[in-house]
Structure formats: C-alpha cells, structure tokens
Amino acid sequence: MKLSHFQFNLPKELLAEFPAENRDESRLMVIDRQKQTIEHKMFKDVINYFDDGDVLILNNTKVFPARLYGNKEKTGARIEVFLLRELNSEQRLWDVLVDPARKIRIGNKLYFGDDDSLVAEVIDNTTSRGRTLRFLYDGSYEEFRNKLTELGETPIPKYINREVTAEDAERYQTIYAKEEGAVAAPTAGLHFSKHLLKKLEIKGVNFAEVTLHVGLGTFNPVEVEDLSKHKMDSEELIIKQEACDIVNTAKANKKRICAVGTTSMRAIESSVSSQNTLNPYEGWTNKFIFPPHDFSIANCMITNFHTPKSTLLMMISAFCGHDLMKRAYEEAIKEEYKFYSYGDAMLIL
C-alpha cells in the first residue's frame, strides 16, 4: 500500500477541541470484521462486548507537562520549548523542540519563570527545530523536576486552537496513568471512567498494563510514498512478566484480548515470542505497523479516529482491513464523529 491510500478530506469542525463532558459518554463506533458491520453506540456500551476472562491491555504511561515558555537572553523574545526526552539526569540534558527555531543558536541562554529561576543553555542542534539544552538550576534533581512541573503546561496537541485550561491537566491523562514519561496521551484510554473500569472488573475482565512513553514521532505524518521507507522515532517500552502472564493465559483460553489504543498495540507487537506469546521487554521500540501485518496477540482493539496520512491510520488499516476502515471513516465523517485526541472512539472486533 502507498501513502496516497491514506489521504482523505477531514472537515476542520470534526477535530475535537474539548473532551466529552463525561469520559465514557463519547460516541463509539463498533466494527465487526467478520460480519463486516458498523454500529453506533456510546462508549460506556463497550462493557457489553467483554466477558469473564477477557483482557484489556492498557498503556499506563503518564503525560508530563512538557510545554514551557521562556525568554531569550538580551532580546527577551518569547520562545516555546517542548521537552521531548531527558538525555542525562546528572547533567540535566534534554532533547527539545524550540519555536521559533531560527532565533535559537548554540550558546544562547533561555530564562524561565517570572523570577528567571530556571535557565537553559543551548548546547547542540539536532534537527531544524530540535535542540539539546542543558538546564542550570540551584537545587537537587528532585527540586529541578518539581520546577519543570511547576513551569510546564499540559502538552495538548497543536491542532487544539485554544489556551490550555486547568481541566486539561486532568482530562488529557488516563484514569490509570502511573509512569511519567509521555509527551502525548495514549488517547483511546481517555474514554475509560473509574466507574466503567470498576464495572468491567466486576464482570471478570482482567487488565494487563504495559508502559510505552508516547513521543511526538507517533503523530508525524508520513511523507514517503513507499511506506516501508518511513522511519519511526524510538519510544521507551516496558512490559513486565505480570502483564505477559495475564495476556498469555487469556490467549491459551481463547479469550478476547483487546489492545486499548495504537500505543498498546505497538507495545505488544514489539515483543512477540516465536510461539506467538507476549514476552517481557525493557528498552526502546520503533516498530511501524502498516498493511499487510499479521497481528500476534490482540484480536480486538479500541482506538480514536485518526488524521490522514498518520502512522496510526496505517495500523488501523492493517488491523481492520483497508476497505472496511475506509467505509467506517466515510460513515464517521457523515455521522459527524469527532476526530483525534479528544474525539470519539472505535471498537474493532
């Protein structure tokens, strides 16, 4: 398949600017691959598709407040700094994106906070917008991280054209987020409320948690027509033995195993044994899933509606079947489903 197969016209008004009032009250499109059917439900109806012994695989990464605003020394120009990943905790080195980038050169200093209590020096250029910063801060590492949290804001996606609200800090985070390290939320998980998770648990559904720290690369549109030439950014991945045991037991018992989100799916597909079971993993993954692809672990997935030419859309095509996915997306646009991070969801059986 080529890049052009993943182009479609998405009306701007279908990009969700705000989340649904209650997490589990967004809309849910249910796609049955065997029957080739499409149904329209509410997200809380998801409980009707799972039974005792089935498994939901959740990505428990936690978004940190990655967007900072600083001022350049001498000129005082306002600069946005987006923290991508920590390179060295002792030296306080970070991989970041800066905007506007043309003004930021090696040796420049940036000042953060009303009292300039945090300073960063640019020590390298990595890409056109990418820089390596060394933060200078009088205090322990813990105090430094607290300062970043205090000065940073929730990194809601750029397409959301409004100021960040206090509500975003809570809503752009899954209920089960635990391990800090993502710069974007694993958005399929945003639809689960505490109440819905409890009801699933009472029904006998098991949860297997994995950790994939979502980077910005996930959202980079593909720019090469030949998909096999696209390079994914690496993201940190941890799968513990406990999660493997839960998943592999369900697999042996022929239960429904549902990856909640493209990040959970990418996580488990990155660590499959020769017997097609899930293996523990600790490291990095740059796995890019596009058609054709044989999925080894999950037989069901929950996902949001994705933007054209995104790697996320390509994974859905591989899992759902391209023609059925196209039909579903045409129907979603016709029925005015909301797309992207704060949008509605899709359950693919």
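Each residue is numbered by its place in its chain's sequence as written, counting from 1. A pLDDT threshold of at least 70 governs which residues receive local features in this predicted model, and a stricter bar of 80 or more applies before side-chain atom pairs are shown or counted, although totals over entire chains, interfaces and linings include all residues. Note that the side-chain values use all heavy atoms of the structure and ignore hydrogens as well as water.

## Side note on the packing of aromatic side chains
Working definition: rings of Phe, Tyr and Trp (its six-membered ring) pair if their centres are within 6.5 Å, and the pair is stacked with planes under 30 degrees apart, edge-to-face with planes over 60 apart, and tilted otherwise. Within this structure, the stated rule accounts for 16 aromatic pairs. Ring geometry for F295 and F319: centres 5.0 Å apart, planes at 90°, overall edge-to-face. Taken together, the positions of F295 in the loop between β15 (281–285) and β16 (300–304) and F319 in helix α6 (residues 311–320) put the pair 24 residues apart, joining distant regions of the chain. Both residues of the pair, F295 and F319, count as buried. Taken together, F8, F305, Y329, Y337 and F339 form an aromatic cluster joined through their ring pairs. Any Lys NZ or Arg CZ found within 6 Å of a ring centre and within 35 degrees of that ring's normal is scored as a charge over the ring. The residue whose ring lies beneath R33 is F319, and the NZ or CZ to ring-centre distance is 3.9 Å. By the criteria applied, helices consist of DSSP H or I runs no shorter than four residues and strands consist of E runs no shorter than two, each listed in order from the N terminus. The classification of residues rests on relative accessible area computed with a 1.4 Å probe and restricted to protein chains. Under 20% of the type maximum is buried, over 50% is exposed, and intermediate values are partly exposed.

## Remarks on the pattern of salt bridges
The term salt bridge refers to a side-chain nitrogen of Lys or Arg lying within 4 Å of a carboxyl oxygen of Asp or Glu. One pass over the full model with this rule turns up 14 salt bridges. K35 serves as the salt-bridge partner of D32, at 4.0 Å between the closest nitrogen and oxygen. We classify K35 as exposed; its relative accessible area is 63%. In this structure, E150 engages K147 in a salt bridge whose closest nitrogen and oxygen atoms are separated by 3.3 Å. Pair noted here: E150 and K147 are both in helix α1 (residues 141–151), with a separation of 3 residues, about one helical turn. Take K147: its relative accessible area is 10%, and that puts it in the buried class.

## Quick look at the sheet that holds β16
Pairing between two strands is assigned when DSSP locates at least 2 bridges connecting them. If you walk across this open sheet you meet the 9 strands as β2-β1-β17-β16-β14-β3-β12-β13-β15, and the pairing is mixed. Strands with a single pairing partner mark the edges of an open sheet, and in this sheet they are β2 (37–42) and β15. On average, each strand axis in the sheet is tilted by 20° relative to the strand beside it, whichever way the strands run. In the packing of α6 onto the sheet, the strands contacted are β1 (27–32), β16 and β17 (345–348), and the crossing angle to β16 comes to about 150°. Here an axis means a line fitted to C-alpha atoms, over the contact stretch when the element is a helix, while the angle between two N-to-C directions is reported on a 0 to 180 degree scale. Working rule for contacts: check all heavy atoms of both residues, and any pair within 4.5 Å makes them a contact.

## Considerations on unusual backbone geometry
Here D99 and P100 are connected by a cis peptide whose omega angle stands at -5°. Tracing the backbone through its elements, the reader meets P100 in the loop between β7 (93–99) and β8 (109–112). Between P291 and the following residue, P292, the backbone shows a cis peptide bond with an omega angle of -5°. Along the chain, the position of P292 falls in the loop between β15 and β16. Of note in the backbone geometry, Q36 takes a positive phi value of approximately 60° without being a glycine. Here Q36 lies in the loop between β1 and β2.

## Regarding the packing of helix α5 (residues 262–269) against α6
Viewed as axis vectors pointing N to C, α5 and α6 meet at an angle of 70°, and their least axial separation amounts to 11 Å. Classified by the angle their axes make, α5 and α6 are roughly perpendicular. Two packed elements cross with a definite hand, and for α5 against α6 that hand is left-handed. Packed against α5, whose contacting residues are T262, M265 and R266, the element α6 presents L312, M315, I316 and F319 at the interface. Note that Gly is not counted as nonpolar here; it falls among the polar residues with everything else outside the nonpolar set of Ala, Val, Leu, Ile, Met, Phe, Trp, Tyr, Cys and Pro and the charged set of Asp, Glu, Lys and Arg. Of the residues assigned to the contact of α5 with α6, the class counts are 5 nonpolar, 1 polar and 1 charged. Small angles under 35 degrees read as roughly parallel and large ones over 145 as roughly antiparallel, with 65 to 115 read as roughly perpendicular and the rest as oblique. Crossings are classed by handedness, with left-handed meaning an anticlockwise turn of the near helix from the far one by less than a right angle and right-handed meaning a clockwise turn.

## A short note on the packing of α6 against helix α7 (residues 322–334)
Axis separation between α6 and α7 bottoms out at 7 Å; the angle between their running directions is 120°. When the axis of α6 is compared with that of α7, the two are oblique. Contacts between α6 and α7 involve L313, I316, S317 and C320 from the first element and H322, L324, M325 and Y329 from the second. Residues that form the contact of α6 with α7 fall into these classes: 6 nonpolar, 2 polar and no charged.

## What to know about the pairing of strand β10 (residues 130–136)
Burial analysis of β10 places 5 of its 7 residues in the buried class, the great majority of the element. Looking at chain direction, β7 and β10 are connected through 5 bridges and run antiparallel. Bridge pairing in β10 links L97 to G130.

Interpretation in functional terms is not warranted from these geometric data alone.
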